[in-house]
Amino acid sequence: MRKAVQQRTLDTRARLTAVAHELVTDKGFEALRIEEVVAGAGVAKGTFFAHFKDKDELMDLLIGERINALLDQMAAKPAPRDVEQLAKRLVPLVDLMASERYVFDVILRRSGAAAMEEIGPIATTFGRLGEILGGWIDQGTFRKDVPNDILVEGVEAFLVQTLALNFCALHSDKRMKDRLLPYLRAWLAPVGG
């Protein structure tokens, strides 16, 4: 009996997320409404809240899945040899994170930057991104006078800064990749190189 209930719960959650994926693909993340998700999944609104605390928790899952798919693609390719290649590899991730102001806001709230009790999908992707970046920095022609973990945290900080300035009216005059590349050159280029 217990297995049937568990399977039904898993099926319901899968329906909710499948409908949410479709709605996001059609309308975008911010435009998604809980009412549309439950209607599409054929469940009551209370059922949604039995699976997700709020829309942000659902967005954490959906955005985290998309980031993970990009990280899978990044990890499957050979390590970039230099700063220009590394910056180019980050462009799809930057594009997703900047696809909507709402997406960037959710990423900031759910990345672990704010003291959260639970580590969710987006926060987990930041850990994974750090691992990928660390491997790339170890293998490439990047500076070696600073510990790898500090270099990784700097790249992540410049990534967030690039995204933040993209949404700032005073600094939105540059394309993100044109802003990110000089940061990464200054931070990662070998000293004297």
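Before going into details, it helps to say that this report is about the structure given with it.

Here the focus is the environment of Val94. Take Val94: it is sitting in helix 5 (residues 83-97). Classification of Val94 as buried rests on a relative accessible area of 4%. Residues Val94 and Ala157, 63 residues apart in the sequence, show an inter-C-alpha distance of 13 Å. Among all residues touching Val94, those that are not within four sequence positions of it are Leu159, Leu163, Met176 and Leu180.

With that settled, consider the pattern of salt bridges. This structure, assessed with the given rule, holds nine salt bridges. Linking Asp56 and Arg109 is a salt bridge whose minimum nitrogen-to-oxygen distance equals 2.7 Å. One end of the pair, Asp56, is in helix 4 (residues 55-76); the other, Arg109, is in helix 6 (residues 101-110), and 53 residues separate them in sequence. In this structure Asp56 comes out as buried when scored by relative accessible area, which is 18%.

Cut-off values and rules
Residues numbered from 1 in each chain as written. Predicted model: local features only at pLDDT ≥ 70, side-chain atom pairs only at ≥ 80, totals over all residues. Heavy atoms only, no water. Helix = DSSP H or I, 4+ residues; strand = E, 2+ residues; numbered from the N terminus. Buried < 20%, exposed > 50% of the residue type's maximum accessible area, 1.4 Å probe, protein only. Contact = heavy atoms within 4.5 Å. Salt bridge = Lys/Arg side-chain N within 4 Å of Asp/Glu carboxyl O.

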